[in-house]
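# Chain and residue survey
Listed here are the chains, written in short residue letters.
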Amino acid sequence: MEAPPAEHLKKVLKPIHLWAIAVGLVISGEYFGWNLGWDVAGTIGLLIATVVITVMYITFIFSYTELTAAIPHAGGAFAYAYRAMGPFGGLIAGYATLIDFLLASPAIAISLGSYLHFLYPAIPIMQSAMLFNAAFVMLNISGVKESATFSVFITILAVAELLLYMGVVSPNFKMDNYLSNPMPFGWSGVFAALPFAVWFYLAIEGVAMVAEEVKDPKKDIPKGYISALATLVALALGVMVLTGGITDWRKLSKLDYPLPEAVGIVLGKASGLTKIFASIGLFGLIASLHGTILASSRQVFAMARSGYLPTGLSNLNHRFKTPHWSLIAAGLVSFLAIYFGTTTKDGTGQLIILSVLGAVVMYMMCMVSLFILRKKEPNLERPFTAPFYPVFPAIALVISVICLFAIIYFNKQVTVMFFGGLVGIILIFVLMGKHKEALTDDLMVTPE
């Protein structure tokens, strides 16, 4: 497969940047989206689903870090699957990753618009969501170091705000509230809640997309991933449990802004502190929107560089050394999805489930790739190896498969959309003869 002349991304990122990008990518999951799981499972049902998903992410990240450190490629899962399984493997993993990140961004942008609307009802949700989307596309074009420095600042604020939130609501926690009708749909609700539990952690894998921009990927990537995961587990469990005990949880189970509403219940909606908290709450959503736009653009860039998307999308801005056309293309997809999400009934929920579906398929492809590469390339330098191999990647793979079947069973319309798109992409791929091309491009070589 012919690739255009390689242009190199700047190597400027350190562990603190990776921690910030990873936590920033995910932290919006603590602000909204997870509470929709209460609507299908109740508090204990979602808690059980979240514990299962937490186990999946712990085993997945420790396994995925082996791939990321050994093959620090901007394509992430796309590059690993291509190297392990060839063009079709790369195509499926790349498609799934694009769906994961391209649809997470508009879902987060819509929630940002909803938070702003909560503060100032005169501001329309759709227009503010599109404005945020455009602003962060431009920020990411301006340079990855500048972008990552912003990530550190905004992520620290977002984490501090969640800790403040837990401090504010914890005195009002009542176990009777939390255990009121805790599993209204029984065990089937636990399975239905799995995609909303995934939303707590979804996108942490996006750090792989900036692997080529890390100063010392073999040492720094494991540090960034593991510290980020520890931070996110503590925040996810703390926010979910405390929020469920301050009032009748059903009041919060359908909102795009559950935390400001919860603070309003505790402090009073007329309180100035409630408004201040909701304003600060924008930081977590901003951090994630910024991170998902960064990650989705790197996925578009890597697939374009390898000939899977129009090669013009892999061009770098000469001044900033950022993939500006990839950022613009990803931004345009987000604009369309924001329109869909704000004009369609349960549009945000569908965007979340589609994004989660893409993530779960990508996780499965990565774990299969890990097993194959252990056999296929035993001499590949692996600065970090998955602990308890093969148990950890096997656990991550099995739980991912369970999640996939749960999403398919409870979300048939979204499933048809996802797999219909995949079939269409595969047909185009075959008709263009891409599956017959030799494995000779940049994906078979670990970038320097």
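Residues numbered from 1 in each chain as written. Predicted model: local features only at pLDDT ≥ 70, side-chain atom pairs only at ≥ 80, totals over all residues. Heavy atoms only, no water.

### Some remarks on the overall build of the protein
Each helix and strand in the protein was counted, giving 16 helices and zero strands. Taking 448 residues into account, the globule formula puts the C-alpha radius of gyration at 22 Å, and the protein, at 21 Å, falls close to it. Projecting the C-alpha coordinates of the protein onto the three principal axes gives extents of approximately 65 × 45 × 40 Å. Residues classed as buried in the protein amount to 60% of the 448 residues present. In the protein, the share of contacts with a sequence separation of at least 24, taken over all contacts with a separation of at least 6, comes to 85%. When the accessible surface of the protein is split by element, carbon and sulfur atoms take 70% of a total near 16,300 Å². (Helix = DSSP H or I, 4+ residues; strand = E, 2+ residues; numbered from the N terminus. Rg over C-alpha atoms; globule rule 2.2 N^0.38 Å. Buried < 20%, exposed > 50% of the residue type's maximum accessible area, 1.4 Å probe, protein only. Contact = heavy atoms within 4.5 Å. Areas by Shrake-Rupley, 256 points an atom, 1.4 Å probe, with all protein chains shown as cover.)

### Let's talk about the pattern of salt bridges
A complete count under the given rule lists five salt bridges for this structure. Each of the salt bridges in this network shares a partner with another, and the network as a whole consists of Glu66, Arg374 and Arg382. (Salt bridge = Lys/Arg side-chain N within 4 Å of Asp/Glu carboxyl O.)

### Considerations on unusual backbone geometry
Residue Tyr389 is joined to Pro390 through a cis peptide bond whose omega torsion reads 5°. Although it is not a glycine, Asn181 adopts a positive phi angle of roughly 50°. For Asn181, the position within the fold is in the loop between α8 (175–178) and α9 (186–198). The backbone of Ala203 shows a phi angle near 95°, a positive value even though the residue is not glycine.

### Regarding the environment of Ile61
Along the chain, Ile61 turns up in helix α3 (residues 36–70). With 332 residues separating them along the chain, Ile61 and Pro393 place their C-alpha atoms 9.1 Å apart. Not counting chain neighbours up to four residues away, the residues in contact with Ile61 comprise Ile204, Tyr225 and Leu229.

### Considerations on the confidence of the model for the protein
On average, the protein scores 86 in pLDDT, and the residues at 70 or more come to 93%. Put simply, helix α12 (residues 272–305) is where the protein has its lowest mean pLDDT, 81, and helix α15 (residues 391–410) is where it has its highest, 96. Across residues 1–6, where pLDDT falls below 50, the model places 14 contacts with residues more than four positions away in sequence or in other chains. (pLDDT = per-residue confidence, 0-100.)

### With respect to α3
Between its first and last C-alpha, α3 extends only 37 Å over 35 residues, short of the 51 Å set by a 1.5 Å rise per residue. Roughly 110° is the biggest bend found in α3, and it falls at Gly42. Counting buried positions over the 35 residues of α3 gives 26, a clear majority of the element. (Expected span 1.5 Å × (residues − 1). Bend = angle between axes of the 7 residues up to and from the residue.)

### A closer look at the packing of α9 against α15
When two helices pack together, you describe them by how their axes are tilted relative to each other and by the distance separating the axes. Taken N-terminus to C-terminus, the directions of α9 and α15 make an angle of 110°; their axes are 9 Å apart at the nearest point. Relative to α15, α9 is oriented roughly perpendicular. Between α9, through Ser188, Phe191, Ala192, Leu194, Pro195 and Val198, and α15, the contact on the second element is made entirely by Ile402, Cys403, Ala406, Ile407 and Phe410. Grouping the amino acids of the contact of α9 with α15 by side-chain chemistry returns 10 nonpolar, one polar and no charged. (Axes fitted to C-alpha atoms, helices over the stretch in contact; angles between N-to-C directions. Parallel < 35°, antiparallel > 145°, perpendicular 65-115°, else oblique. Nonpolar A, V, L, I, M, F, W, Y, C, P; charged D, E, K, R; others polar.)

### A short note on the nonpolar core
Judged by nonpolar contacts, the single largest core of 139 residues is most densely connected at Ile53, Tyr57 and Ile204. Per-element accounting of this core gives the leading share, 17 residues, to helix α14 (residues 347–376). If near-sequence neighbours (up to four positions away) are discounted, Ile204 is found in contact with Ala22, Val26, Tyr57, Ile61, Tyr225, Ala228, Leu229 and Leu232. Counting residues in each nonpolar core, the second largest holds 12 residues, with Leu91, Tyr308, Leu313 and Ala330 among its members. (Core = buried A, V, L, I, M, F, W, Y, C linked by side-chain atoms within 4.5 Å.)

### Remarks on the packing of aromatic side chains
Within this structure, the stated rule accounts for 25 aromatic pairs. Between the aromatic rings of Phe173 and Tyr178, the centroid separation amounts to 6.3 Å while the plane-to-plane angle is 45°, which identifies the pairing as tilted. The exposure class of Tyr178 is buried, given its relative accessible area of 3%. Between Phe388 and Phe392, the ring centres sit 5.1 Å apart and the planes meet at 45°, which makes this aromatic pair tilted. Among the aromatic residues, those joined into a ring-pair cluster are Trp34, Trp38, Tyr57, Phe60, Tyr64, Tyr80, Phe200, Tyr201, Tyr225, Trp249 and Tyr363. When the ring centre of Tyr389 is taken as reference, the NZ or CZ atom of Arg374 above it lies at 3.9 Å. Its guanidinium or amino end placed over the ring of Tyr409, Lys412 lies 4.7 Å from that ring's centre, counting from NZ or CZ. (Phe/Tyr/Trp six-rings, centres within 6.5 Å; stacked < 30°, edge-to-face > 60°. Lys NZ or Arg CZ within 6 Å of the ring centre and 35° of its normal.)

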